[in-house]
Amino acid sequence: MTDKLVTFEVNGQELQAEAGSMLIEATDAAGINIPRFCYHKKLSIAANCRMCLVEVEKVPKPLPACATPVTEGMKVYTRSPKALAAQKGTMEFLLINHPLDCPICDQGGECELQDVAIGYGRDVSRYSEGKRVVADKNIGPLIATDMTRCIHCTRCVRFGEEIAGIREMGATGRGEHMVIGTYIEKSVDSEMSGNIIDLCPVGALTSKPFRFNARAWELTQVEAIAPHDSLGSNLNLHLRGNKVMRVHPKDNESINETWISDRDRFSYEGLYSSDRLTSPMVKKGGEWKEVSWEMALEMAAASLKEIGDGDQIGTLISPTSTLEELYLAQKLMRGLGCNNIDSRLRQGDFRMDATQNSVHWLGSTLSDMDQMQTVFVVGGNIRKEQPILAHRLRKAALNGAKLHYLNPIQIDLNHSGEQDICTPGEMAGRLAAVAKAAGVKASGGAASLLNAAQADESAKQTAANLKAADGALVMLGAMAQAHPDYALLHTIAAALAEATGAQLSILPASANSVGAQLAGAVPHLQAGGSVADHAGLDTLQMLKMPRKGYLLLGVEPGRDFWNGSLSMSALQSADLVVAISAFRSPELEECADILLPMAIFTETSGTYVNAEGRWQQSRGVVRPQGESRPGWKILRVLGNLTDQAGFDYTDSQQIHDEIHQLCESATLDNKQAAPQNLEPQLSADGLLRGGDTPLYACDPLVRRATALQQTQDAGSDTIRLHPEEAARLGLDGSDTALVKQNGNQIDLPLQLDERIPQGCVWISTSLARTSTLGQPFGEVTVEKA
Amino acid sequence: MVNEVCLRTLDLERPWLMEQYQSRGGYEVLKQVLSEKRAPEDIIEEVKKSGLRGRGGAGFPTGLKWSFISRNAPGQKYVVCNSDEGEPGTFKDRDILRYNPHQLIEGMILAGYAIGATRGYNYIRGEFWEPYERFEQALQEAREAGFLGDNLLGSGFDFELHTHLGGGAYICGEETALLESIEGKKGQPRYKPPFPAHFGLYGRPTIINNTESLASIPMILEKGGEWFADIGVKNSGGSKLFSISGNINNPGVFEIPMGTPFSELLEMAGGMKDGRKIKAVIPGGSSAPVIPGEQMMDLNMDYDSIAGAGSMLGSGAVIVLDDTNCMVKTLERMSYFYHEESCGQCTPCREGTGWLYRVVHRIETGQGRQEDLDLLDDVADKISGKTICALGDAAALPVQGMLRHYRDEFQYHIDHKRCMVGAG
């Protein structure tokens, strides 16, 4: 495309725009309003609604502004009699079959058709025949349909094809009988499907959880940052009184563009779960009693101090906490002599900590992701970990980038890419093969693997694509980080990146995984991201060598941990567990002694540092529920009550500023020395469990978002096996199977699934029942139930 | 000068066979072009000289269309033949497929040679089963004779040709909807530009021509563009297939020189049935505005003559109506067709065609209102020129034509709730 500017006139006003760009882009930029329905800046041009017809001098017919390129000297009239006649004509046509049921339509008050009709419609319809009626179909728990209202703009159809990468909505039928839908009644399963609610200009597609709960004019809009994945997508919260009624995206071109994931859109439902913890509680003689804040805080402070030896305390903090919470929690605990602080609850191997001296991050800005030419994802199903990041990768793939995946399960891609699938035990070896193909010399901790590796064609191709690319990433995803040999995967991936000129990308798992490192909420780094003077125990050590006492912040025993059963046994055996939490759960109540109710997300102010190291602040916009209080205030008081200096904050901004100052010289860098002697922890032979954390099982808030929990991506308590593996285990024909791992056993429904490699049993983690088992990757036995 | 070009084998026994076609000199031009390695520019020049205009209805000069393709652009290019003959009243391409399929094949190969395309598709209307079988059989014969495949007759030029049978949608006769349909998508027109010459089938440069246009090519190259042009009149070169139907004695397809008086065509078709009076003629397929019979008797069958009377030659589908026809009922039937066949993609046509039909229907059934005729004019005007493809115009034109010439009949229906024509 040329970047030559052309000059033209719209309604007598002189404008300039890039030659070849569409007229509507230029008028939008200049603030000249042209009505439209099908046009959307992020979607391809359909030119089907005909609402944006304008008059162009010397052209006999009116032209659609969305599909008319600007040319030098062109004279455009957007409100001439001819243009207005065309626009009003379209408006009249759109309304003849539209039900005009605005009073009972959820879109009423924020409907593009309604708005435009005010300017271009008639008072009374000239059309008096019967109107079209379309039977509705249930397309899942997130999106309500009223297809009689559809004006066939096809934005939702184009979104599926072009953005989500799966064609779920389509047009069937001709003429007036054209219907937008899924053709057969099926749920729309894209992890970013909710965006079609925003795209739909009318009330055909609306939010099912929000439906009939509020009117647009009752809502106030405030900004927020999404607290689930590492992007920090920008949100607009819509509030009525003191309640979050729904969540919309806020445009931020360098993060989430115009989109948000369904997780970010619908997780707000979890805020109003019946298991919100709303008052401080202490366990007395096995019974939970509500107590005053004073009493609870004093008891918590006294009990923590009572343990005496700080090293006998473990501090486990959710990586979705705000930066202020992460920082204050570690400051409090380090002040009590406790260096056992971690927020990497789902990591499977901490051997890299010894040589890490900088903050790990994405290795690229988010906007540079689209420009990558090769991305090699190791142990990651990005679509189902961080959907909007996956959208960036998809854009790269559409631009011609080569995407390679090495995974212990075949994943559903929405773009072209190569998948290398092996058992969890073979992953390090397969990665070593790629490294070998790239010319990595065998040395250091991974020497024996590299020596043994055989570079096959696929490994050579991956290495060659990494080398050839101008802009390449080797990305370690959630499944790599949960791997018991993460240190080996990390070391080999780093060497591979080094040898090919690619960047190493360590995909931050949660909203504040980068922030936790900056805040010192990891055992080996202190606030500011530098190496800790006294390294403490990591999550796994804290659980394997149970401490006398624990402080939990935003963490649910069992479900938030890499090894659910281990977390339960360690916490149960402790003398004291103080939990600062927004929710109650049976597991938490079983382990804890003192519960301090915490405000979360929208209820508290705080900072999130996203995957690319961008600091974003969110305000507390609704009152905390019940007696719950913002985490930073709880921690501040605990600091005061444990007689520590430097806990006199009156506002979270002061905490932010303090951390910010500490982080002035912090660097985001994935480079580090490779540790020596990395013995593989996971054998390549025998039956192994594989497990992912399902998209909607990742944190306590999402797990309580009821609509999300009804979707496919909520995951299921099942055991998935390749049919041949099932036959080998004598399980063909069985409905359930008995799984044993680390001395725990449960029976689970059996699903045959050819996407699981043979030699592997797939059991997702973090679900109600599977969280009673052990780690996602490890030895397991399966037998007939 | 009857049946000189596309139907030149019609007088033979089983004229669709390869041997019959070759007995009339078929494939000789192709052999000559390939052996002499005739310059493609030369071929395009000859087609331009012939004055051949697109026979599908729009009448765009064929040679000019071909010259839009940049022949030396790298990558695949396509020749697509539009045999989705769906315009009500049109049945001429069917006879080419049935009786002279080889001439179409030869024309498509020559077109491919001219623009540097090595693949062709013939999109045949879904209802045309016999023509489809004939064409497939002809393809088989042509392949066996070495006229299709790799390295045609040792020339180094490759050309393969496939049939694509449509699913029965009128809209797939619109060239870009046809391309979408070949690609396996819902048949909906694309917004133009870009035109198929730049972004056609599978996004590649493509020429798409009507069956009759492509079948005319071998004769144009054999006898020269001037020969062809001289058959017809100024601005309307060559001969043309007219499919004439309606209240006449001998409906059928006639290949006659452009510019032949309508009265002669009517005579060839056996004149008016039962000696009735001619009332009106729809001269170019159902979307061409109606012309009163008396006026039509003075017109010639060429582009300019028909356009001068406010209608269009279109695809050459001549529908003759005698004085027993009610124009309201006639329009109702046509409006129903466009309502049924609108693809639904763009608003004015999707919504407007149904509206037009419903208003005409209520006039026909005695429910008409005084304001309805102005409403029809207005709705037709709001569709006309506002849509992605020409279907919107095609739906509006017959309404506008009928109201121009037969407004009194419509008014009578509204006023008296019955028809002024006895048979209505």
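Definitions and cut-offs
Residues numbered from 1 in each chain as written. Chains lettered and ligands numbered in written order. Predicted model: local features only at pLDDT ≥ 70, side-chain atom pairs only at ≥ 80, totals over all residues. Heavy atoms only, no water. Salt bridge = Lys/Arg side-chain N within 4 Å of Asp/Glu carboxyl O. Helix = DSSP H or I, 4+ residues; strand = E, 2+ residues; numbered from the N terminus. Buried < 20%, exposed > 50% of the residue type's maximum accessible area, 1.4 Å probe, protein only. Domains from an automatic or database assignment. Buried area = accessible area lost by both parts, 1.4 Å probe. Polar contact = N/O pair within 3.5 Å; in protein donor to acceptor, adjacent residues only side chain to side chain. Nonpolar A, V, L, I, M, F, W, Y, C, P; charged D, E, K, R; others polar. Contact = heavy atoms within 4.5 Å. Pairing = 2+ DSSP bridges. Core = buried A, V, L, I, M, F, W, Y, C linked by side-chain atoms within 4.5 Å. 1 Å grid on protein atoms, 1.4 Å probe; cavity = no way out; pocket = protein on both sides within 12 Å on 5 of 7 lines; lining within 4 Å. Points joined across faces, edges and corners; volume = space filled by probe spheres on them. Axes fitted to C-alpha atoms, helices over the stretch in contact; angles between N-to-C directions.

1. Focus: the pattern of salt bridges
Phase 1 of the analysis: Summed over all chains, the structure comprises 82 salt bridges over all chains.
Phase 2 of the analysis: Arg392 of chain A is the salt-bridge partner of Glu257 of chain A, the closest N and O atoms lying 3.7 Å from each other. Of the two residues, Glu257 of chain A is situated in the loop between strand E12 (243-249) and helix H6 (262-266) and Arg392 of chain A in helix H10 (residues 387-398); the sequence distance between them amounts to 135 residues. Neither Glu257 of chain A nor Arg392 of chain A differs from the other in exposure class; each is buried.
Phase 3 of the analysis: Across the salt bridge formed by Arg143 of chain B and Glu160 of chain B, the nearest N and O atoms sit 3.2 Å from each other. Taken as a pair, Arg143 of chain B in helix H7 (residues 129-144) and Glu160 of chain B in strand E3 (residues 160-165) lie far apart in primary sequence, 17 residues in all.

2. Considering the domain arrangement of chain A
Residue and element names in this part refer to chain A.
Phase 1 of the analysis: Segmenting chain A into domains produces domain 1 (5-96), domain 2 (128-270), domain 3 (281-356 + 511-663), domain 4 (366-506) and domain 5 (688-784).
Phase 2 of the analysis: Averaged C-alpha coordinates put domain 1 and domain 2 at centres separated by 27 Å.
Phase 3 of the analysis: A buried area of about 1,300 Å², summed over both sides, lies between domain 1 and domain 2, and 50% of it is on carbon and sulfur atoms.
Phase 4 of the analysis: Its largest share of buried area at the contact with domain 2, domain 1 owes to Phe37, Lys42 and Leu43, together 45% of the area lost on that side.
Phase 5 of the analysis: The salt bridge involving Glu257 is made with Lys42; its shortest N-O contact spans 3.1 Å.
Phase 6 of the analysis: Across the contact surface, domain 1 and domain 2 share 12 residue pairs in polar contact (both at pLDDT 80 or more).
Phase 7 of the analysis: Residues of the side of domain 1 that touches domain 2, tallied by class, amount to 9 nonpolar, 3 polar and 3 charged.

3. As for the environment of Thr7 of chain A
Residues and elements named next belong to chain A.
Phase 1 of the analysis: Considering the arrangement of structural elements, one finds Thr7 in strand E1 (residues 5-10).
Phase 2 of the analysis: In the structure, Thr7 is positioned 619 residues away from Gly626 in sequence and 61 Å away in space, judged by C-alpha atoms.
Phase 3 of the analysis: In this structure Thr7 touches Glu14, Leu15, Gln16, Thr71, Glu72, Gly73 and Met74, once residues within four positions along its chain are discounted.
Phase 4 of the analysis: Here the side chain of Thr7 touches Gln16 through a polar contact of 3.1 Å, side chain to side chain.

4. Observations concerning the sheet that holds strand E9 (residues 291-292) of chain B
All names here are of chain B.
Phase 1 of the analysis: Across the sheet, which stays open at both edges, the 5 strands sit in the order E6-E5-E11-E8-E9 with mixed pairing between neighbours. Edge positions in the open sheet fall to strand E6 (252-257) and E9, since each of these has one partner strand only.
Phase 2 of the analysis: Here strand E5 (residues 239-246) runs beside E6; their pairing, made up of 6 bridges, is antiparallel. If you follow Phe242 over to E6, its bridge partner there is Phe254.

5. Looking at the nonpolar core
Phase 1 of the analysis: Judged by nonpolar contacts, the single largest core of 176 residues is most densely connected at Leu237 and Leu596 of chain A.
Phase 2 of the analysis: At 7 residues, helix H8 (residues 323-335) of chain A tops the list of elements feeding residues into this core.
Phase 3 of the analysis: When near neighbours in sequence (up to four residues on either side) are disregarded, Leu237 of chain A contacts Thr220, Gln221, Val222, Ala224, Val244, Arg246, Val247, Phe601, Thr602 and Val621 of chain A.
Phase 4 of the analysis: Grouped together as the second largest cluster of nonpolar side chains are 56 residues, Ile115, Phe135, Leu148 and Ile217 of chain B included.

6. Some points on empty space enclosed by the protein
Residue and element names in this part refer to chain A.
Phase 1 of the analysis: Scanning the model with the defined rule gives 13 cavities of 30 Å³ or more in all.
Phase 2 of the analysis: Of the pockets and cavities examined, the largest cavity occupies roughly 230 Å³.
Phase 3 of the analysis: Taken together, 20 residues make up the lining of the largest cavity; nearest its centre are Thr320, Ser321, Met598, Ile600 and Phe601.
Phase 4 of the analysis: When residues of the lining of the largest cavity are traced back to their parent elements, those giving at least two are strand E26 (594-599) and helix H22 (700-703).
Phase 5 of the analysis: Residues belonging to the lining of the largest cavity are distributed by class as follows: 10 nonpolar, 8 polar and 2 charged.
Phase 6 of the analysis: Each of two domains, domain 3 (281-356 + 511-663) and domain 5 (688-784), supplies a minimum of three residues to the lining of the largest cavity.
Phase 7 of the analysis: One number sums up the size of the second largest cavity: a volume of about 80 Å³.
Phase 8 of the analysis: Lining the second largest cavity are 14 residues, with Cys150, Cys153, Cys156, Cys200 and Pro201 sitting closest to its centre.
Phase 9 of the analysis: Residue composition of the lining of the second largest cavity, by class: 11 nonpolar, 2 polar and 1 charged.

7. Looking at the side chain of Asn340 of chain A
Residue and element names in this part refer to chain A.
Phase 1 of the analysis: Looking at where Asn340 falls in the secondary structure, it is placed in the loop between H8 and strand E16 (341-342).
Phase 2 of the analysis: Engagement of the side chain of Asn340 in a polar contact is seen with the backbone oxygen of Asp311, the distance being 2.9 Å.
Phase 3 of the analysis: Contacts of Asn340, omitting those with residues within four sequence positions, involve Gly310, Asp311, Ile313, Gly314, Thr315, Gly536, Leu537, Met542 and Arg547.

8. What about the interface of chain B and chain A?
Phase 1 of the analysis: Across the contact, 33 residues belong to chain B and 35 residues belong to chain A.
Phase 2 of the analysis: Buried area between chain B and chain A, summed over both chains or domains, comes out near 2,800 Å², and the portion from carbon and sulfur atoms is 54%.
Phase 3 of the analysis: When the buried area of chain B at its contact with chain A is split by residue, Tyr191, Glu351 and Trp355 of chain B rank highest and sum to 24% of it.
Phase 4 of the analysis: Where chain B meets chain A, there are 6 salt bridges.
Phase 5 of the analysis: On the surface where chain B and chain A come into contact, there are 18 residue pairs in polar contact (both at pLDDT 80 or more).

9. Side note on the environment of Val761 of chain A
Residues and elements named next belong to chain A.
Phase 1 of the analysis: Along the polypeptide, Val761 turns up in strand E34 (residues 760-762).
Phase 2 of the analysis: Considering only alpha carbons, one finds Val761 and Ile409, 352 residues apart in sequence, at a separation of 10.0 Å.
Phase 3 of the analysis: In this structure Val761 touches Leu687, Leu688, Arg689, Gly690, Ile719, Arg720, Leu721, Val780 and Val782, once residues within four positions along its chain are discounted.

10. What about the sheet that holds strand E20 (residues 472-476) of chain A?
All names here are of chain A.
Phase 1 of the analysis: Ordered in space as E19-E18-E17-E20-E21, the 5 strands form an open sheet in which the pairing is parallel. Each of the sheet's edge strands pairs with one partner strand only, and the pair in question is strand E19 (418-421) and strand E21 (503-506). Taken pair by pair, the neighbouring strands of this sheet meet at an average axis angle of 15°, ignoring direction.
Phase 2 of the analysis: Note that strand E18 (residues 402-407) and E19 share 4 bridges and pair parallel. By the bridge assignment, Asn407 is partnered in E19 with Ile421.

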